[in-house]
Amino acid sequence: MKVSVFIRIFAVLIILTAVLIGVGLGRALAETTNIKHQENFVEFAPALPTRIMDINGTLITEFSADEKREMVSLSELPRHLIYAVLAREDPDFYTHRGFSIRGIARAFVGQIIGQSLGGGSTITQQVAGTLYTDRTEKSYSRKIRELWWSLQMERRYTKNEILEIYLNYMYMGPGTYGVEAASKYFFGHSARDISLAEAAILVIQLSSPSRYNPLDNPNVARDRQRSVLDRMIDFGYTSREEAEASFNEYWDNYDYTRASTSAYYSREDAAPWFSEYVRRELDGMMYGTMDYYRDGYTVLTTLDLRHQQAAAKFMEQGLAKANTEYVRSSSNRLTEAEKTYVPVIDMLSLVFDLTDIYASSEAQIEQKALSRYTKVVNPVVDMAALMFGIQDLKVMTGSAFADLKTNTEKNVVEGALIAIENDTGYITALIGGSKYDESNQLIRATQGNIQPGSSFKPLYYSAAIDSRTFTPASLIYDLPIVFHNEDGTPYIPLNFRGEWKGSVLLYDALANSMNVPSLKVLDTIGFDAAIDRAAALLGISDPAVIRRTFPRVYPLGLGIISAAPLQMARAFAVFANQGREVSPIAIRSVEDRNGRVVLDTEREVRLRQRRMGSGIQVISPQNAYVMTSMLKKTVEMGTLYAPSEWGAKFTYRDEQGRRYHMPMAGKTGTPQNWSDAWAVGYSPYYTTAIWFGFDKPGNSLGVNLTGSTLAGPVWADFMREVHQGLPLRDFAKPSTGIIEVTVCTKSGLLRTPGCPGDVTMPFLEGTQPSRYCDLHDDAAARTGQVNLQGMRLDTLFMDGGNLLGELKLPELRLDLPESPRRPPPVTRPAPNSTRGRTDRSTTNPIIPDEEFDLELPDYNPLLE
């Protein structure tokens, strides 16, 4: 009975064991069968980079981040590279069956004695472990799984196929996978053209990419490279003479100054700032498991590489000019300060025994010595630490570089440029700063929070035109004035260089960036209207953001808000686009590796705009046309006149050789402390915003670097370049609601034959002047009477006793007889051209001498 029970139990155990073995074998066989489907190299789908293309289908760059990989077939690689791999990693590769007993025994003994005697894995095991196991796991079970898979791969693949997978898949350095990507990263050329010494450098990356990186540890890499070459000589793969020659050539031309960075930052990129902007946009668009680092997408963008190259060229010139002039002007200021104040400080230090402030004190000498070490000595020491492998010294030099970087942010002029197509919103060029790298990634063109200065003025001038209180020909005074903010605090604006122009027309005040007339416009239309219009043009709709962005104080009118160049470009593009909304976009669509569209960004933008209906009009076409006409005067006679070489830069020839002039409009901006320089302008095709300034506030560019002298020339050069070959196109004029009138340039009223100059400007229908100029009409010239009503429309408000005391303005008394003390008027000869001029021999109105207790000249230029 007991024997029967025992037999039954034994039978059950045998059956269970058979079942378990069967299940295990079945699972193993299933997984083995799946190798054919999962890892057939012909069907192999490794991580592929995402390709970024420009508007014309030209490659800009590729995104691969931690897996920069480029596939290459084994037959394309030089023999010495394959020999180097075999000599270093697996000399018996073509003879073993996936594993090496000798290698396993060597690794086992090394583990017992606690020394590294070399790895025990063959090339096949390394591939299997990488594909099917976690090689960071240190366990015997992992090694058994690795061995199992290597046996299956040997059954399924040929040796050459396994070696090809190995050379294309293994990690070989900072963000690079495979020999092709690694060769381009380390040497700047394809693995197809690799030298013998370079092949040895690549091979040692397979075992320890961080330790043997020649950019970080050149001495360690050199020793290990030598050992690989020696093994190749031992195996007969090369001769000693060839190895020595290649080795010496490599290190004779080695660049010790090159830093080791991720392959992402060292990749080839025709537009790095734009590419980074696109990458960040993709971060917000991708969803689920979409991974633009591995999935091999094709991103169709709006960039025009021709525009981008022009932008890079002219911005580089502008930045060089800005930094040279800044250093020169700063040096001059310091020299003057030393001449003027150092002797005074020295005297005070001696009198009051203040040794620390004495110019030649130990503290001052120490500061100068530290500055010289940081700028001059430290870079040399850093390179020496790299060459001789002194790691502790390398750490110390790094801290000095950090101090230098902080100082650089305060004293180096940066810049940004962005260009967009008016009709589509396509971003055709983008420069985010001086040089894109790991330490300089702030895209100032889109992320900058910068005061736009006077380039902000057109935004609320637009509201002034719609108020119908102002027209391009409104007469306004440019004289000192005091404004009072809502809390009662006074504000006294100044013009550039403290100059005042007297009576001017509105378009002239805008073109020449006069501050007082602009603030009078702001004062008249009110903060609400100005802020609402500016927010709409800049694309700001959140009430909380509007409150934070636009302070309700008069300096608002001089552009003390924070805005990015992209926002300013959008606002001006609305003027160019007949008042319609412009949505700047960089990505048109995204396709997967099979060509299927997975994201259609532009289509979504167009559908949204279509749903807006009439709401797409940010301003009316009539308002946009009037503003464009005024901003054209900036290029024709204002602050962009000289930068455009008096219009010559925008003169082209068509295919028949006929000359034509491309219309341009724009505005410059310079905050009152000269900290930034702006130029924002547009043509019927494109709008471009350019900025120069400092990343950290507190410095001034100086009076010689302004929007007109620094940003203006770069804007004009860039716009000239991108319009080469484009046919003549004018700004679209609305068919209704606009009346064009020729007015006197002095009074803003209808021109008469006596006016000294005239200009034709558009007006919103119903706001055009209806009276003829009575400053220069013939009747006034004959009688000596002048109607000054138009010039008295302006009122000068001054604060009473608290600020400047009472200021009494003289009046032109037309009802008084000629002063008996004044000599008779002198008859002046008429000029060559008498068109529109009043006869000077006519008696002018006289201001009584008692007003000023001085004798005034007979000729009063105010009346011309």
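Residues numbered from 1 in each chain as written. Predicted model: local features only at pLDDT ≥ 70, side-chain atom pairs only at ≥ 80, totals over all residues. Heavy atoms only, no water.

## Some points on the pattern of salt bridges
Pairing between side chains becomes possible if they bear opposite charge and their charged atoms approach one another.
Alright, step 1. In the structure shown here, the tally under the stated rule is 27 salt bridges.
Alright, step 2. Ionic pairing is found between E581 and R570, a salt bridge with its closest N-O pair at 3.9 Å. Of this pair, E581 sits in the loop between helix 22 (565–576) and strand 12 (587–591) while R570 sits in helix 22, and the two are eleven residues apart along the sequence. Each member of the pair, E581 as well as R570, carries the same accessibility label: buried.
Alright, step 3. The network of salt bridges with shared partners includes E76, E180, K184 and R192. (Salt bridge = Lys/Arg side-chain N within 4 Å of Asp/Glu carboxyl O. Helix = DSSP H or I, 4+ residues; strand = E, 2+ residues; numbered from the N terminus. Buried < 20%, exposed > 50% of the residue type's maximum accessible area, 1.4 Å probe, protein only.)

## As for the sheet that holds strand 16 (residues 665–669)
Alright, step 1. As summarised here, the arrangement of the five strands in space is 7-6-18-17-16, forming an open sheet in which the pairing is antiparallel. The two strands at the open ends of the sheet, each matched to only one other strand, are strand 7 (427–431) and strand 16. Within this sheet the neighbouring strands show an average axis-to-axis angle of 5°, counted without direction.
Alright, step 2. Pairing of strand 17 (residues 676–682) with strand 18 (residues 686–693) involves seven bridges; the strand directions are antiparallel. Directly across from G681, in strand 18, lies its bridge partner T688.
Alright, step 3. The strands that helix 25 (residues 707–722) touches are strand 6 (414–421), strand 7, strand 16, strand 17 and strand 18; relative to strand 17, the one it contacts most, it runs at about 30°. (Pairing = 2+ DSSP bridges. Axes fitted to C-alpha atoms, helices over the stretch in contact; angles between N-to-C directions. Contact = heavy atoms within 4.5 Å.)

## A short note on the pairing of strand 1 (residues 50–53)
Alright, step 1. Examined bridge by bridge, strand 1 and strand 2 (residues 59–63) share four bridges and lie antiparallel to one another. Along strand 2, the bridge assignment pairs R51 with E62.
Alright, step 2. With antiparallel pairing between neighbouring strands as the criterion, strand 1 and strand 2 make up a hairpin whose turn holds five residues, including G57 at a positive phi of roughly 85°.
Alright, step 3. Sheet analysis places strand 1 next to strand 5 (residues 298–301), joined by three bridges and oriented parallel.

## Points about the side chain of S583
Alright, step 1. Examined against the element boundaries, S583 turns out to sit in the loop between helix 22 and strand 12.
Alright, step 2. Polar side-chain contacts of S583 include one of 3.1 Å to the side chain of E581.
Alright, step 3. Polar side-chain contacts of S583 include one of 2.6 Å to the side chain of R608.
Alright, step 4. Excluding anything up to four places from it in sequence, S583 contacts T424, G425, V605, R608 and Q609. (Polar contact = N/O pair within 3.5 Å; in protein donor to acceptor, adjacent residues only side chain to side chain.)

## Considering the confidence of the model for the protein
Reading predicted coordinates in detail is not appropriate for stretches of low pLDDT.
Alright, step 1. Residue-level pLDDT values for the protein average 79, and 69% of them are 70 or greater.
Alright, step 2. Below a pLDDT of 50 lies the segment residues 35–43, which in the model reaches 22 contacts outside its immediate sequence neighbourhood of four places, other chains included.
Alright, step 3. Low confidence marks residues 780–864, where pLDDT is under 50. Its contacts with residues over four positions away, or in another chain, come to 106 contacts. (pLDDT = per-residue confidence, 0-100.)

## A closer look at the sheet that holds strand 1
Alright, step 1. Spatially, the five strands line up as an open sheet ordered 2-1-5-12-13, and their pairing is mixed. If you trace the sheet from one side to the other, it starts and ends with strand 2 and strand 13 (597–599), each paired once. Looking at each pair of strands side by side, their axes are set apart by 25° on average, direction ignored.
Alright, step 2. Its contacts with the sheet place helix 12 (residues 272–285) against strand 1, strand 2, strand 5, strand 12 and strand 13, and it is angled at close to 50° to strand 2.
Alright, step 3. Across the sheet, helix 23 (residues 601–612) is in contact with strand 12 and strand 13; its angle to strand 12 comes to roughly 135°.

## Quick look at unusual backbone geometry
Alright, step 1. In this structure, R468 is a non-glycine residue whose phi angle is positive, near 65°.
Alright, step 2. With respect to the element layout, R468 can be found in the loop between helix 17 (457–467) and strand 8 (475–478).
Alright, step 3. Phi at E645 is positive, roughly 55°, even though this residue is not glycine.
Alright, step 4. Given a relative accessible area of 41%, E645 falls into the partly exposed group.

## Considerations on the environment of R771
Alright, step 1. Secondary-structure assignment places R771 in the loop between strand 20 (758–764) and helix 26 (778–783).
Alright, step 2. Sequence-wise, R771 and L750 are 21 residues apart; in three dimensions their C-alpha atoms are separated by 6.0 Å.
Alright, step 3. Here R771 is in contact with L749 and L750, once residues within four sequence places are set aside.
Alright, step 4. One polar contact links R771 to D774, side chain to side chain, over a distance of 3.3 Å.

## Things to note about helix 10 (residues 240–252)
Alright, step 1. Between the first and last C-alpha of helix 10 there are 18 Å, a value that for 13 residues agrees with the 18 Å anticipated at 1.5 Å per step.
Alright, step 2. Along helix 10, the residues that are buried comprise A243, S246, F247, Y250 and W251. Taken end-on, helix 10 shows its buried residues confined to a sector of 120°, consistent with a single buried face. For helix 10, exposure combined with an orientation more than 90 degrees from the buried face picks out E241, E249 and D252.
Alright, step 3. In the core, the buried residues of helix 10 are packed alongside helix 7 (179–187), helix 8 (196–205) and helix 9 (218–234). (Expected span 1.5 Å × (residues − 1). Arc of directions from axis to C-beta.)

## A look at the packing of helix 17 against helix 24 (residues 621–636)
Alright, step 1. Between helix 17 and helix 24, the least distance of the axes is 10 Å, while the angle of their chain directions is 125°. Judged by the angle between their axes, helix 17 and helix 24 are oblique. Once helix 17 is placed against helix 24, the crossing between them reads as right-handed. Between helix 17 and helix 24, the residues in contact are P458, Y461, S462, I465 and D466 and N623, V626, M627, M630 and L631, respectively.
Alright, step 2. In the contact of helix 17 with helix 24, the residues fall into seven nonpolar, two polar and one charged. (Parallel < 35°, antiparallel > 145°, perpendicular 65-115°, else oblique. Left-handed = near helix turned anticlockwise from the far one by under 90°. Nonpolar A, V, L, I, M, F, W, Y, C, P; charged D, E, K, R; others polar.)

## Side note on the packing of aromatic side chains
The description of two aromatic rings rests on the distance between their centres and on the angle between their planes.
Alright, step 1. The full count for this structure, using the stated rule, is 24 aromatic pairs.
Alright, step 2. Their ring planes at 75° and their centres at 5.2 Å tell us that W273 and Y436 sit as a pair that is edge-to-face. Of this pair, W273 sits in helix 12 while Y436 sits in the loop between strand 7 and helix 16 (444–447), and the two are 163 residues apart along the sequence. Of the two residues examined, W273 and Y436, each falls in the buried class.
Alright, step 3. Summarising the aromatic geometry, the rings of Y460 and Y461 are spaced 5.7 Å apart at their centres and angled 45° between planes, so their arrangement reads as tilted. We note that Y460, like Y461, is buried.
Alright, step 4. Linked through ring pairs, Y185, F186, F187, F247, Y250, W251 and Y254 together constitute an aromatic cluster. (Phe/Tyr/Trp six-rings, centres within 6.5 Å; stacked < 30°, edge-to-face > 60°.)

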